[in-house]
Amino acid sequence: MTDVAITSYRTRELQVYVKRGEAELYEKTPCAWDLVAETDSSYNPGSWKRNIYPDWKDGFKPIIIAPNETISVYMINVGSSYGFCMKSQWRGEKYTKTWQQLSAESPVGAVSISWGNDAAKHDHFKPGTYYAVANYGGVKLETMKPETETHEPTPAPVDPSTPKDTTRSDVIPTENAFGYEFDITNTNPDGKDLMITSLELPMVAGAEVDVYVRGGTHEGSSTSCLNWNNGCNQWTNLVARKYVSSSGGVYQTPSFVSVVQAGETKAFVVATGKAIFEGTSQTTVLTDANGDVEVKPATALTDFYGDNVQSEHDLTGSLANKVFNIKVNYEVVNRICAIQNKKPWVVLDPSASASSMNLGDDGEAVDIEEYVEWHPTLGGDDGLVDQDFTQGPPLEYIE
(Lines give C-alpha, C1' and ligand atoms only; values in the text may rest on other atoms or scores of the structure.)
Protein backbone atom coordinates (compact mmCIF):
# COMPACT_ATOMS: atom_id res chain seq x y z
CA MET A 1 0.00 0.00 0.00
CA THR A 2 1.64 3.21 -1.15
CA ASP A 3 -1.05 5.86 -0.58
CA VAL A 4 -4.59 6.56 0.61
CA ALA A 5 -7.16 8.87 -0.96
CA ILE A 6 -9.97 10.91 0.62
CA THR A 7 -12.95 13.02 -0.33
CA SER A 8 -12.10 16.28 1.38
CA TYR A 9 -14.42 18.38 3.48
CA ARG A 10 -12.52 21.39 4.82
CA THR A 11 -9.53 19.11 5.32
CA ARG A 12 -6.38 20.85 6.53
CA GLU A 13 -3.97 18.80 8.61
CA LEU A 14 -4.30 15.05 8.18
CA GLN A 15 -2.30 12.16 9.64
CA VAL A 16 -2.28 8.47 8.75
CA TYR A 17 -1.13 5.71 11.13
CA VAL A 18 -0.79 1.96 10.45
CA LYS A 19 -0.40 -1.13 12.59
CA ARG A 20 -0.13 -4.79 11.70
CA GLY A 21 -3.00 -7.00 12.74
CA GLU A 22 -6.47 -6.05 13.90
CA ALA A 23 -7.36 -2.65 15.27
CA GLU A 24 -10.14 -3.19 17.77
CA LEU A 25 -8.11 -3.95 20.90
CA TYR A 26 -5.61 -1.21 20.10
CA GLU A 27 -7.83 1.76 19.31
CA LYS A 28 -6.62 3.51 22.49
CA THR A 29 -2.98 2.37 22.34
CA PRO A 30 -0.82 4.97 20.51
CA CYS A 31 2.44 3.05 20.60
CA ALA A 32 0.89 0.11 18.72
CA TRP A 33 0.70 2.39 15.65
CA ASP A 34 3.26 4.08 13.40
CA LEU A 35 2.85 7.41 11.66
CA VAL A 36 3.27 6.81 7.91
CA ALA A 37 2.05 10.11 6.39
CA GLU A 38 1.05 13.63 7.38
CA THR A 39 0.31 16.88 5.61
CA ASP A 40 1.59 20.36 6.37
CA SER A 41 -0.64 22.65 8.41
CA SER A 42 -1.04 24.79 5.28
CA TYR A 43 -2.59 21.95 3.25
CA ASN A 44 -5.96 23.04 1.84
CA PRO A 45 -7.50 21.01 -1.00
CA GLY A 46 -10.95 22.59 -0.57
CA SER A 47 -14.29 20.91 0.07
CA TRP A 48 -15.93 18.05 -1.83
CA LYS A 49 -12.76 17.18 -3.74
CA ARG A 50 -13.29 13.52 -4.57
CA ASN A 51 -10.71 10.77 -4.51
CA ILE A 52 -7.69 12.97 -3.99
CA TYR A 53 -4.33 11.85 -2.73
CA PRO A 54 -3.20 14.42 -0.13
CA ASP A 55 0.08 16.27 -0.53
CA TRP A 56 2.05 14.47 2.15
CA LYS A 57 4.79 16.46 3.83
CA ASP A 58 7.43 13.73 3.66
CA GLY A 59 5.71 11.31 1.32
CA PHE A 60 3.79 8.15 2.24
CA LYS A 61 5.88 5.33 3.75
CA PRO A 62 4.97 2.17 1.80
CA ILE A 63 3.41 -0.66 3.80
CA ILE A 64 4.33 -4.19 2.73
CA ILE A 65 1.31 -6.50 3.11
CA ALA A 66 2.02 -10.23 3.00
CA PRO A 67 -0.48 -12.72 1.52
CA ASN A 68 -3.45 -13.26 3.87
CA GLU A 69 -2.20 -10.54 6.21
CA THR A 70 -4.43 -7.95 7.92
CA ILE A 71 -3.27 -4.40 8.57
CA SER A 72 -5.14 -1.54 10.24
CA VAL A 73 -5.23 2.10 9.18
CA TYR A 74 -6.11 5.09 11.37
CA MET A 75 -6.75 8.51 9.81
CA ILE A 76 -7.22 11.65 11.92
CA ASN A 77 -7.79 15.35 11.36
CA VAL A 78 -5.61 17.55 13.54
CA GLY A 79 -5.03 21.26 14.00
CA SER A 80 -7.57 23.40 12.15
CA SER A 81 -8.75 20.52 9.96
CA TYR A 82 -12.50 19.88 9.91
CA GLY A 83 -12.86 16.50 8.30
CA PHE A 84 -13.06 14.17 5.32
CA CYS A 85 -16.09 12.30 4.03
CA MET A 86 -17.15 8.98 5.50
CA LYS A 87 -20.19 6.74 5.16
CA SER A 88 -21.66 6.24 8.63
CA GLN A 89 -23.96 3.59 10.05
CA TRP A 90 -25.58 3.82 13.49
CA ARG A 91 -24.36 0.93 15.62
CA GLY A 92 -23.05 -0.73 12.47
CA GLU A 93 -20.81 -3.74 12.06
CA LYS A 94 -17.34 -2.43 12.81
CA TYR A 95 -14.42 -4.45 11.46
CA THR A 96 -16.57 -7.45 10.44
CA LYS A 97 -18.66 -6.08 7.56
CA THR A 98 -16.95 -5.54 4.21
CA TRP A 99 -17.11 -2.06 2.72
CA GLN A 100 -15.28 -2.82 -0.54
CA GLN A 101 -13.32 -5.66 -2.03
CA LEU A 102 -11.36 -6.70 -5.08
CA SER A 103 -11.68 -10.11 -6.64
CA ALA A 104 -8.87 -12.62 -7.00
CA GLU A 105 -8.70 -11.69 -10.69
CA SER A 106 -7.71 -8.07 -9.98
CA PRO A 107 -4.12 -6.98 -10.70
CA VAL A 108 -3.31 -7.21 -6.99
CA GLY A 109 -5.45 -10.24 -6.15
CA ALA A 110 -8.23 -10.46 -3.58
CA VAL A 111 -8.27 -7.55 -1.14
CA SER A 112 -11.05 -6.18 1.05
CA ILE A 113 -11.65 -3.13 3.23
CA SER A 114 -13.99 -3.39 6.21
CA TRP A 115 -16.17 -0.89 7.95
CA GLY A 116 -14.29 0.62 10.88
CA ASN A 117 -14.89 2.74 13.95
CA ASP A 118 -15.46 6.48 14.10
CA ALA A 119 -13.00 8.55 16.12
CA ALA A 120 -12.63 12.00 17.64
CA LYS A 121 -10.86 14.58 15.52
CA HIS A 122 -7.88 16.36 17.08
CA ASP A 123 -7.76 13.86 20.00
CA HIS A 124 -5.39 11.07 19.01
CA PHE A 125 -6.56 7.50 19.62
CA LYS A 126 -9.87 8.48 21.19
CA PRO A 127 -12.41 6.23 19.43
CA GLY A 128 -16.09 6.91 19.02
CA THR A 129 -18.88 4.80 20.44
CA TYR A 130 -21.91 4.38 18.23
CA TYR A 131 -21.05 4.70 14.54
CA ALA A 132 -19.42 2.36 12.10
CA VAL A 133 -17.76 4.32 9.29
CA ALA A 134 -16.23 3.70 5.88
CA ASN A 135 -13.95 5.99 3.88
CA TYR A 136 -15.24 7.67 0.71
CA GLY A 137 -11.77 7.52 -0.75
CA GLY A 138 -9.39 4.79 -1.77
CA VAL A 139 -6.04 3.12 -1.47
CA LYS A 140 -3.18 2.74 -3.88
CA LEU A 141 -1.86 -0.82 -4.11
CA GLU A 142 1.17 -2.17 -5.95
CA THR A 143 2.38 -5.76 -6.35
CA MET A 144 6.02 -6.55 -5.80
CA LYS A 145 8.26 -8.77 -7.86
CA PRO A 146 8.59 -12.24 -6.31
CA GLU A 147 12.20 -11.78 -5.29
CA THR A 148 11.31 -8.65 -3.31
CA GLU A 149 8.34 -10.11 -1.41
CA THR A 150 10.04 -10.13 1.97
CA HIS A 151 9.60 -8.06 5.08
CA GLU A 152 12.53 -6.21 6.50
CA PRO A 153 13.88 -7.35 9.87
CA THR A 154 11.77 -6.18 12.78
CA PRO A 155 13.58 -3.21 14.34
CA ALA A 156 14.69 -3.37 17.95
CA PRO A 157 12.03 -1.95 20.26
CA VAL A 158 12.47 1.70 21.18
CA ASP A 159 11.13 3.10 24.44
CA PRO A 160 8.63 5.87 23.65
CA SER A 161 10.48 8.28 25.91
CA THR A 162 13.48 8.53 28.23
CA PRO A 163 12.83 10.09 31.70
CA LYS A 164 15.53 12.54 32.81
CA ASP A 165 15.97 15.60 35.00
CA THR A 166 18.21 18.58 35.55
CA THR A 167 18.83 19.98 39.01
CA ARG A 168 20.33 23.07 40.57
CA SER A 169 20.56 23.03 44.37
CA ASP A 170 23.69 25.04 45.20
CA VAL A 171 22.14 28.52 45.36
CA ILE A 172 22.50 30.23 48.74
CA PRO A 173 19.25 32.22 49.00
CA THR A 174 19.32 35.93 49.73
CA GLU A 175 15.55 36.49 49.52
CA ASN A 176 12.28 34.61 49.27
CA ALA A 177 9.82 35.14 46.42
CA PHE A 178 6.13 34.82 45.52
CA GLY A 179 7.33 32.77 42.56
CA TYR A 180 9.44 32.84 39.44
CA GLU A 181 9.12 33.59 35.76
CA PHE A 182 11.81 31.73 33.81
CA ASP A 183 12.59 30.24 30.40
CA ILE A 184 13.38 26.65 29.41
CA THR A 185 15.01 25.99 26.03
CA ASN A 186 15.19 22.58 24.34
CA THR A 187 18.82 22.00 23.29
CA ASN A 188 18.62 18.24 22.72
CA PRO A 189 21.55 17.38 20.39
CA ASP A 190 19.47 14.86 18.42
CA GLY A 191 16.70 17.33 17.68
CA LYS A 192 14.13 15.45 19.79
CA ASP A 193 11.15 17.03 21.52
CA LEU A 194 11.01 17.19 25.31
CA MET A 195 8.04 16.82 27.65
CA ILE A 196 8.30 18.85 30.85
CA THR A 197 6.35 16.79 33.40
CA SER A 198 6.86 18.52 36.78
CA LEU A 199 8.97 21.07 38.64
CA GLU A 200 10.52 20.83 42.11
CA LEU A 201 11.35 23.92 44.18
CA PRO A 202 12.18 24.60 47.85
CA MET A 203 9.42 26.23 49.94
CA VAL A 204 9.34 27.61 53.47
CA ALA A 205 5.55 27.32 54.09
CA GLY A 206 2.34 25.91 52.61
CA ALA A 207 0.17 27.76 50.07
CA GLU A 208 -1.89 27.39 46.91
CA VAL A 209 0.41 27.03 43.92
CA ASP A 210 -0.24 27.83 40.24
CA VAL A 211 1.89 26.84 37.24
CA TYR A 212 1.57 28.63 33.89
CA VAL A 213 3.30 28.30 30.51
CA ARG A 214 3.52 30.26 27.26
CA GLY A 215 5.48 29.93 24.04
CA GLY A 216 8.60 32.06 23.80
CA THR A 217 10.46 33.99 26.47
CA HIS A 218 8.85 35.65 29.49
CA GLU A 219 10.99 38.72 28.97
CA GLY A 220 9.48 41.76 27.31
CA SER A 221 6.02 43.24 27.11
CA SER A 222 3.07 43.53 24.74
CA THR A 223 0.72 46.51 24.47
CA SER A 224 1.43 47.71 28.00
CA CYS A 225 1.25 44.19 29.50
CA LEU A 226 4.59 44.11 31.23
CA ASN A 227 6.29 40.71 31.40
CA TRP A 228 3.49 39.01 29.49
CA ASN A 229 1.12 38.97 32.46
CA ASN A 230 -1.96 36.78 32.34
CA GLY A 231 -4.22 39.76 31.66
CA CYS A 232 -2.91 39.60 28.09
CA ASN A 233 -4.25 36.05 27.70
CA GLN A 234 -0.78 34.82 26.85
CA TRP A 235 -0.43 32.18 29.56
CA THR A 236 -1.93 28.68 29.79
CA ASN A 237 -2.64 27.33 33.26
CA LEU A 238 -1.07 23.89 33.87
CA VAL A 239 -1.68 23.59 37.63
CA ALA A 240 -4.52 25.58 39.19
CA ARG A 241 -4.62 26.52 42.89
CA LYS A 242 -3.12 23.31 44.20
CA TYR A 243 -2.66 23.63 47.96
CA VAL A 244 0.70 22.40 49.20
CA SER A 245 1.27 21.73 52.86
CA SER A 246 4.89 22.43 53.68
CA SER A 247 6.92 23.47 56.69
CA GLY A 248 10.03 23.70 54.60
CA GLY A 249 11.60 21.45 52.00
CA VAL A 250 11.31 20.70 48.30
CA TYR A 251 7.86 20.90 46.71
CA GLN A 252 7.04 18.95 43.55
CA THR A 253 4.20 20.24 41.41
CA PRO A 254 1.44 17.86 40.32
CA SER A 255 2.27 16.13 37.04
CA PHE A 256 1.51 17.97 33.81
CA VAL A 257 2.64 17.73 30.19
CA SER A 258 4.17 20.66 28.34
CA VAL A 259 5.94 19.77 25.10
CA VAL A 260 8.98 21.86 24.19
CA GLN A 261 9.91 21.17 20.59
CA ALA A 262 13.48 20.94 19.36
CA GLY A 263 15.12 24.35 19.55
CA GLU A 264 12.04 25.95 21.14
CA THR A 265 11.93 28.19 24.21
CA LYS A 266 8.96 28.22 26.59
CA ALA A 267 8.34 30.47 29.57
CA PHE A 268 7.07 29.03 32.85
CA VAL A 269 5.62 30.67 35.92
CA VAL A 270 5.36 29.07 39.36
CA ALA A 271 3.53 31.40 41.74
CA THR A 272 1.74 31.70 45.09
CA GLY A 273 0.03 34.48 47.01
CA LYS A 274 2.89 34.94 49.46
CA ALA A 275 6.67 34.82 49.55
CA ILE A 276 7.34 31.16 50.31
CA PHE A 277 9.72 30.09 47.52
CA GLU A 278 13.26 29.97 48.84
CA GLY A 279 16.41 30.44 46.85
CA THR A 280 17.22 33.37 44.55
CA SER A 281 20.49 35.16 44.25
CA GLN A 282 22.28 37.60 41.98
CA THR A 283 24.54 35.90 39.44
CA THR A 284 26.61 36.41 36.34
CA VAL A 285 25.83 32.85 35.19
CA LEU A 286 23.31 33.07 32.35
CA THR A 287 22.05 29.49 32.11
CA ASP A 288 22.08 26.05 33.70
CA ALA A 289 22.39 23.41 30.98
CA ASN A 290 22.76 19.63 30.81
CA GLY A 291 22.74 19.06 27.03
CA ASP A 292 18.97 18.59 26.74
CA VAL A 293 17.66 21.74 28.39
CA GLU A 294 18.78 25.21 29.38
CA VAL A 295 17.08 26.70 32.43
CA LYS A 296 17.67 30.42 32.33
CA PRO A 297 17.76 32.78 35.32
CA ALA A 298 14.40 33.94 36.60
CA THR A 299 12.54 37.09 37.29
CA ALA A 300 11.37 36.82 40.89
CA LEU A 301 7.73 37.67 41.60
CA THR A 302 7.15 40.11 44.43
CA ASP A 303 3.38 40.18 43.92
CA PHE A 304 0.74 37.80 42.58
CA TYR A 305 -3.01 38.38 42.41
CA GLY A 306 -4.52 34.92 42.01
CA ASP A 307 -4.88 34.75 38.24
CA ASN A 308 -2.75 37.66 37.11
CA VAL A 309 0.79 36.49 36.38
CA GLN A 310 3.09 39.48 36.57
CA SER A 311 6.09 40.90 38.34
CA GLU A 312 5.22 44.54 37.55
CA HIS A 313 8.91 45.29 37.44
CA ASP A 314 11.39 46.08 34.71
CA LEU A 315 13.01 42.84 33.57
CA THR A 316 16.28 44.69 32.98
CA GLY A 317 16.30 45.90 36.59
CA SER A 318 17.39 44.35 39.86
CA LEU A 319 14.78 41.57 39.79
CA ALA A 320 16.02 40.09 36.51
CA ASN A 321 18.68 37.38 36.13
CA LYS A 322 18.30 35.65 39.47
CA VAL A 323 19.45 32.05 39.82
CA PHE A 324 17.30 29.76 41.91
CA ASN A 325 17.22 26.17 43.13
CA ILE A 326 15.02 24.01 40.89
CA LYS A 327 14.69 20.48 39.54
CA VAL A 328 13.07 20.08 36.14
CA ASN A 329 11.66 16.62 35.44
CA TYR A 330 11.25 15.85 31.75
CA GLU A 331 11.17 13.09 29.17
CA VAL A 332 13.07 12.93 25.90
CA VAL A 333 10.54 11.97 23.22
CA ASN A 334 11.82 9.04 21.15
CA ARG A 335 8.46 8.35 19.46
CA ILE A 336 5.45 10.60 18.92
CA CYS A 337 3.28 8.14 20.84
CA ALA A 338 5.06 9.16 24.06
CA ILE A 339 3.15 12.45 23.96
CA GLN A 340 -0.10 10.79 22.91
CA ASN A 341 0.24 8.30 25.79
CA LYS A 342 -0.42 11.09 28.30
CA LYS A 343 -4.10 11.39 27.37
CA PRO A 344 -6.51 10.08 30.04
CA TRP A 345 -8.33 7.65 27.70
CA VAL A 346 -5.17 5.81 26.61
CA VAL A 347 -4.79 2.09 27.31
CA LEU A 348 -1.07 1.38 27.33
CA ASP A 349 -1.09 -2.43 27.17
CA PRO A 350 -4.37 -4.02 26.01
CA SER A 351 -2.73 -7.41 25.59
CA ALA A 352 0.56 -9.13 26.30
CA SER A 353 2.13 -7.89 23.07
CA ALA A 354 1.36 -5.94 19.94
CA SER A 355 2.84 -6.71 16.55
CA SER A 356 5.52 -4.40 15.28
CA MET A 357 4.99 -3.06 11.81
CA ASN A 358 7.61 -3.10 9.08
CA LEU A 359 7.86 -0.30 6.60
CA GLY A 360 9.63 -0.08 3.28
CA ASP A 361 12.83 1.95 3.13
CA ASP A 362 12.24 5.68 3.00
CA GLY A 363 13.23 7.02 -0.37
CA GLU A 364 14.26 3.64 -1.78
CA ALA A 365 12.78 2.60 -5.12
CA VAL A 366 10.42 -0.40 -5.04
CA ASP A 367 10.33 -2.83 -7.95
CA ILE A 368 6.80 -2.74 -9.36
CA GLU A 369 5.30 -5.62 -11.28
CA GLU A 370 1.68 -4.52 -11.58
CA TYR A 371 -0.23 -1.48 -10.39
CA VAL A 372 -3.81 -0.53 -9.60
CA GLU A 373 -5.64 2.41 -8.02
CA TRP A 374 -8.87 1.42 -6.31
CA HIS A 375 -11.75 3.74 -5.40
CA PRO A 376 -15.44 3.33 -4.59
CA THR A 377 -17.92 4.36 -7.24
CA LEU A 378 -19.04 7.93 -6.64
CA GLY A 379 -22.23 9.31 -8.16
CA GLY A 380 -25.70 10.64 -7.43
CA ASP A 381 -26.56 14.13 -6.34
CA ASP A 382 -23.95 14.25 -3.62
CA GLY A 383 -21.48 11.95 -5.33
CA LEU A 384 -21.78 9.37 -2.56
CA VAL A 385 -23.40 6.01 -3.31
CA ASP A 386 -23.77 2.96 -1.06
CA GLN A 387 -22.45 -0.28 -2.48
CA ASP A 388 -23.17 -3.87 -1.55
CA PHE A 389 -20.13 -6.12 -1.46
CA THR A 390 -19.75 -9.71 -0.40
CA GLN A 391 -17.81 -10.55 2.71
CA GLY A 392 -14.07 -11.03 2.27
CA PRO A 393 -10.95 -11.12 4.43
CA PRO A 394 -10.90 -7.76 6.28
CA LEU A 395 -8.37 -5.05 5.60
CA GLU A 396 -9.35 -2.86 8.54
CA TYR A 397 -9.76 0.80 7.80
CA ILE A 398 -10.78 3.29 10.49
CA GLU A 399 -11.06 7.06 10.64
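Use the structure listed above.
Notes on the structure follow. Bear in mind the structure is a predicted one, so any value in this text is a computation, not a measurement. Within each chain, residue numbers correspond to sequence positions counted from 1 in written order. Only residues with pLDDT of at least 70 are given local features in this predicted model, and only at 80 or more are side-chain atom pairs given and counted; all residues enter the totals for whole chains, interfaces and linings. Hydrogen atoms and water are omitted, and side-chain values are computed over all heavy atoms in the structure.

## Some points on the nonpolar core
Right, so step 1: What we call a nonpolar core is a set of buried Ala, Val, Leu, Ile, Met, Phe, Trp, Tyr and Cys residues that are connected through their side-chain atoms within 4.5 Å. In this scheme, a residue with accessible area under 20% of its type's maximum is buried, one over 50% is exposed, and one in between is partly exposed, where area comes from a 1.4 Å probe on protein chains only. Judged by nonpolar contacts, the single largest core of 31 residues is most densely connected at M1, V4, V16, F60 and M75.
Right, so step 2: Helix and strand assignments come from DSSP, with helices taken as H or I runs of at least 4 residues and strands as E runs of at least 2, each series counted from the N terminus. Put simply, the parts of the chain that give this core at least two residues each are β3 (13-20), β4 (34-38), β5 (71-78), β8 (98-102), β9 (111-114), β11 (127-135) and β12 (138-144).
Right, so step 3: Counting residues in hydrophobic clusters, the runner-up holds 30 residues, among them I184, V260, V293 and V332.

## Looking at unusual backbone geometry
Right, so step 1: Its identity is not glycine, yet R10 carries a phi of approximately 55°, on the positive side.
Right, so step 2: Within the fold, R10 resides in the loop between β2 (8-9) and β3.
Right, so step 3: We classify R10 as partly exposed; its relative accessible area is 40%.
Right, so step 4: The residue N68 is not glycine, and still its phi comes out positive at about 65°.
Right, so step 5: Here N68 lies in the loop between β4 and β5.
Right, so step 6: A relative accessible area of 84% places N68 in the exposed class.

## Looking at the state of the cysteines
Each disulfide consists of one covalent bond between the sulfur atoms belonging to two cysteines.
Right, so step 1: Pairs of cysteine sulfur atoms within 2.5 Å are what we label disulfides. Summed over the entire model, instances satisfying the criterion amount to one disulfide.
Right, so step 2: A sulfur-sulfur distance of 2.1 Å marks the disulfide that ties C31 to C337. Its S-S torsion of approximately 90° makes the covalent link between C31 and C337 right-handed. Of this pair, C31 sits in the loop between β3 and β4 while C337 sits in helix α1 (residues 337-340), placing them 306 residues apart in sequence.
Right, so step 3: With relative accessibility at 2%, the residue C337 sits in the buried group.

## So, the packing of aromatic side chains
Right, so step 1: Paired rings are identified among Phe, Tyr and Trp, the last through its six-membered ring, by centres lying within 6.5 Å, and are further divided according to the angle between planes into stacked (under 30 degrees), edge-to-face (over 60) and tilted (the rest). A complete count under the given rule lists 14 aromatic pairs for this structure.
Right, so step 2: Pairing W33 with Y74 gives two aromatic rings, centres 5.9 Å apart and planes at 55°, and the pair type is tilted. Linking W33 in the loop between β3 and β4 with Y74 in strand β5, this pair joins segments that are 41 residues apart in sequence. Y74 shares its class with W33; the two are buried.
Right, so step 3: Look at W90 and Y131: their rings are 5.2 Å apart centre to centre, the planes differ by 75°, and that puts the pair in the edge-to-face class. Of the two residues, W90 is situated in strand β7 (residues 86-90) and Y131 in strand β11; the sequence distance between them amounts to 41 residues.
Right, so step 4: Taken together, the ring pairs connect Y17, W33, Y74 and F125 into an aromatic cluster.
Right, so step 5: Note that R10 overlies the ring of Y82, its terminal NZ or CZ placed 4.1 Å from the centroid. Here, a charge over a ring is recorded when the distance from Lys NZ or Arg CZ to the ring centre is within 6 Å and its angle to the ring normal is within 35 degrees.

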